[in-house]
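So you can see what is in the structure, the chains are spelled out below.
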Amino acid sequence: ECAGLQIGSVCASGKEHLPAGIQIECLECSGHDLYIGSSDSCIHHLLLVEENGTESAGLSLGQQSDYPNTSFTTSRQNQRQLGVKKPICEMRAASALDRLLVLCDNTIFLLCSDSLEPVPGTKIRGVLSFTLNENPVSGDPFSVEVCLISSKKRTVQIFSVGQERVQIVREVATPEQPCSLAADGYYLCLALSSRYVILNYNTGHCQDLFPYPSEQKKPIIKRISRQEFLLAGPGGLGMFATVAGISQRAPVRWSENVIGAAVSFPYVLALDEEFITVHSMLDQQQKQSLPFKEGVILQDFEGRVIVATTNGVHVLIPLPLEKQIQDLLSNQRVEEALVLAKGARRNLPKEKFQVMYRRILQQAGFIQFAQLQFLEAKELFRTSHLDIRELISLYPLLLPSSSGFIRAHPPLHEYADLNQLTRGDQEKVSKCKRFLMSYLSEIRSTEVANGYQQDVDTALLETLRRGRS
């Protein structure tokens, strides 16, 4: 079952981009800027440009024609050797400040995004791990909120980082030494030695969530939306947890050895040693499994999902959401299509969403109608403000001869008329006619008729006349 993802190759370890033998440790991507951190404390800055209209490089899944023809080109911009001969552990871009934060040798370096020149006097030492708060408390547009785990003492520290300065804002003790974290507002989700907790750094209140398996290579904590995190839990489960310490979604079933996780709404993706699995956040079911060996990093950046091996980088290209919905409708999976469409509300402008959603409801209505699910069809027709002539036009010669009605394009269904829909089954034809009479009688004096009362009355009279003759 395909969720509509495709792997397009971005850049391999070609000499024009990356030195031979480079070992990739971490990634950051912001807009067109791709930063690669290597095992020898070097940062490589590439420009990543998406090009449409060409065949997509790399592996593809499903029919190539289903996907936007997308390829990526990269051009080398810059590189910076930090000089400590230790791996680059983590990088985060603060694009509004034109700054890149880099963790190497337990020290955060603040660099200019383009030149990769270090900003003097801005190092933060004694850092085990860090993250940017995507829902910061301060609201200062000229700074970012950095939440970090101290490597020297059992604390989490909150820093305000501007273009030229770093300043500690808060320090909070933790029950034991954390090893990983994610942030949302005042809430930090932390992985301790064997369990996850939620810490409110404003009040100091700490709440246990659940244990994680000690044999797991690295705990996974992923902020997925406001006040909600995705965690690698026991038994190979991807667990959802809110800042209140509860779960509002059922878990997703991963393998026992997940390396990384990413979100491409409405999907969560997980990387293990052999596959990338794709689950829906809407029903928690697995939708796709993509073979991918030797992967070491899976991350999402501003809606783009990137997966890397130790010496190559690839982009996962999602099938457009509307195409995914149309595929579900084509397979008559109405409920799934409607759930996916509703989930798109948060990612689309209001007017565009309303137009798209209304059309999907209308298509779903005709699917239910063709299956003689009349109650469901009626509700979908009403709520979608279907032009009633779309339904009447299925019944031969019921629209008045003066009607200039032309069906929607693209069409809302695949049927020429009622005979094709029912395949000539006279019992089904009779049921469809009774439904039409009932529905038209119900709506003729309401706003559902939408100004086409003459068409409705003509259809009613003509159906009655034929019934008598």
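Scroll up to find the structure.
Reading the values: rules and limits
- Residues numbered from 1 in each chain as written.
- Predicted model: local features only at pLDDT ≥ 70, side-chain atom pairs only at ≥ 80, totals over all residues.
- Heavy atoms only, no water.
- Helix = DSSP H or I, 4+ residues; strand = E, 2+ residues; numbered from the N terminus.
- Buried < 20%, exposed > 50% of the residue type's maximum accessible area, 1.4 Å probe, protein only.
- Contact = heavy atoms within 4.5 Å.
- Areas by Shrake-Rupley, 256 points an atom, 1.4 Å probe, with all protein chains shown as cover.
- Lys, Arg positive; Asp, Glu negative; His and termini not counted.
- Charge placed at Lys NZ, Arg CZ, Asp CG, Glu CD.
- Phe/Tyr/Trp six-rings, centres within 6.5 Å; stacked < 30°, edge-to-face > 60°.
- Lys NZ or Arg CZ within 6 Å of the ring centre and 35° of its normal.
- Pairing = 2+ DSSP bridges.
- Axes fitted to C-alpha atoms, helices over the stretch in contact; angles between N-to-C directions.
- Parallel < 35°, antiparallel > 145°, perpendicular 65-115°, else oblique.
- Left-handed = near helix turned anticlockwise from the far one by under 90°.
- Salt bridge = Lys/Arg side-chain N within 4 Å of Asp/Glu carboxyl O.
- Arc of directions from axis to C-beta.

*Asks:* How should I be thinking about the overall build of the chain in this particular structure?
*Replies:* Each helix and strand in the chain was counted, giving 8 helices and 28 strands. Across its three principal directions, the C-alpha atoms of the chain cover 95 × 50 × 40 Å. Residues classed as buried in the chain amount to 50% of the 469 residues present. Put simply, 48% of the contacts in the chain that link residues at least 6 apart link residues at least 24 apart. When the accessible surface of the chain is split by element, carbon and sulfur atoms take 48% of a total near 22000 Å². Side chains of the chain carry 47 positive and 51 negative charges; the gap between the two charge centres is 3 Å.

*Asks:* How should I be thinking about the packing of aromatic side chains in this particular structure?
*Replies:* The way to describe two aromatic rings as a pair is by their centre distance and the angle between their planes. If you walk through the whole model with that rule in mind, you get 10 aromatic pairs. Seen from their ring centres, Tyr-196 and Tyr-212 are 5.0 Å apart, and the 45° between their planes marks the pair as tilted. Here Tyr-212 lies in the loop between strand E17 (206–211) and strand E18 (221–225) and Tyr-196 lies in strand E16 (residues 195–200), a separation of 16 residues in the sequence. For the pair shown, Tyr-196 and Tyr-212 are each scored as buried. Where Phe-369 meets Phe-374, the ring centres are 5.8 Å apart and the plane angle is 55°; that geometry is what we call tilted. The pair formed by Phe-369 and Phe-374 is uniform in burial state, with each residue classed as buried. Through a chain of ring-to-ring contacts, three or more aromatic side chains come together here, namely Phe-366, Phe-369, Phe-374, Phe-381, Phe-435 and Tyr-439. Residue placement shows Arg-92 over the ring face of Phe-130; its charged tip is 5.8 Å from the ring centre. For the cation-ring pair, Arg-389 lies above Tyr-452, with the distance from its terminal atom to the ring centre recorded as 3.7 Å.

*Asks:* What is the right way to read the sheet that holds strand E12 (residues 155–161) from this model?
*Replies:* Note on sheets: strands pair through backbone hydrogen bonds, and any given pair is parallel or antiparallel. Read across the open sheet, the 4 strands follow the order E10-E11-E12-E13; overall the sheet is antiparallel. The strands lining the two open edges of the sheet, one partner per strand, are strand E10 (127–132) and strand E13 (166–173). On average, each strand axis in the sheet is tilted by 25° relative to the strand beside it, whichever way the strands run. In terms of strand pairing, E10 meets strand E11 (residues 144–150) through 5 bridges, oriented antiparallel. Looking at E11, one finds that Phe-130 is bridged to Leu-148.

*Asks:* What is the right way to look at the sheet that holds strand E15 (residues 187–191) in this model?
*Replies:* Reading across the sheet, the 4 strands line up as E14-E15-E16-E17 and stay open at both edges, with antiparallel pairing between neighbours. Two strands close off the open sheet at either side, each with one partner strand: strand E14 (180–184) and E17. The sheet shows a mean angle of 20° between the axes of neighbouring strands, taken without regard to direction.

*Asks:* Sorry, what's going on with the packing of helix H1 (residues 321–330) against helix H2 (residues 334–343) here?
*Replies:* Packing of H1 against H2 leaves a shortest axis separation of 8 Å and a crossing angle of 165°. As summarised for this structure, H1 and H2 are arranged roughly antiparallel, according to the angle between their axes. Seen from above, H1 lies across H2 with left-handed handedness. On the side of H1, the interface is formed by Leu-321, Gln-324, Ile-325, Leu-328 and Leu-329, while H2 contributes Glu-336, Ala-337, Leu-340 and Ala-341.

*Asks:* Quick question: what am I supposed to make of the pattern of salt bridges here?
*Replies:* As enumerated under the stated definition, the model contains 19 salt bridges in all. A salt bridge links Asp-208 to Arg-195; the nearest nitrogen and oxygen atoms lie 3.0 Å apart. Residue Asp-208 is found in strand E17, and its partner Arg-195 is found in strand E16; the two are separated by 13 residues along the sequence. By relative accessible area, which is 46% here, Asp-208 ends up partly exposed. Taking the shortest distance from any N to any O, the salt bridge between Lys-323 and Asp-327 comes out at 2.7 Å. Placement of the pair is Lys-323 and Asp-327 together in helix H1, with a separation of 4 residues, close to one helical turn. Overlapping salt bridges bring together Asp-283, Lys-287, Arg-333 and Glu-336 as one network.

*Asks:* Looking at this model, I keep getting lost on the environment of His-44. Mind explaining?
*Replies:* Turning to its location among the elements, His-44 is positioned in strand E4 (residues 42–52). Separated by 29 residues in sequence, His-44 and Thr-73 have C-alpha atoms that sit 15 Å apart.

*Asks:* Help me understand the pairing of strand E23 (residues 267–271) in this model?
*Replies:* Two faces, one strand: in a regular strand the side chains alternate between the faces of the sheet. Most of E23 sits out of view: 5 of its 5 residues are buried. In E23, alternate side chains face the same way, and those of Tyr-267, Leu-269 and Leu-271 on one face and Val-268 and Ala-270 on the other are all buried. Looking at chain direction, strand E22 (residues 260–264) and E23 are connected through 5 bridges and run antiparallel. Looking at the pairing, Gly-260 lines up with Leu-271 of E23. Linkage of E22 to E23, two consecutive antiparallel strands, is achieved through a turn of 2 residues. Pairing of E23 with strand E24 (residues 275–280) involves 5 bridges; the strand directions are antiparallel. Pairing of Tyr-267 across the sheet is with Ser-280, part of E24. Hairpin geometry of E23 and E24 is characterised by an intervening segment of 3 residues between the two adjacent antiparallel strands.

*Asks:* Help me out: how do you make sense of helix H4 (residues 374–383) in this one?
*Replies:* It helps to recall that an α-helix has 3.6 residues per turn; residues three or four apart then point in one direction. Phe-374, Ala-377, Leu-380 and Phe-381 are the residues of H4 that are buried. Buried residues in H4, looked at end-on, bunch into an arc of 125°, giving them a common side. Packing partners of the buried residues in H4 comprise H2, helix H3 (350–370), helix H5 (388–392) and helix H7 (426–443). A positive phi of about 55° marks His-385, the residue just after H4.

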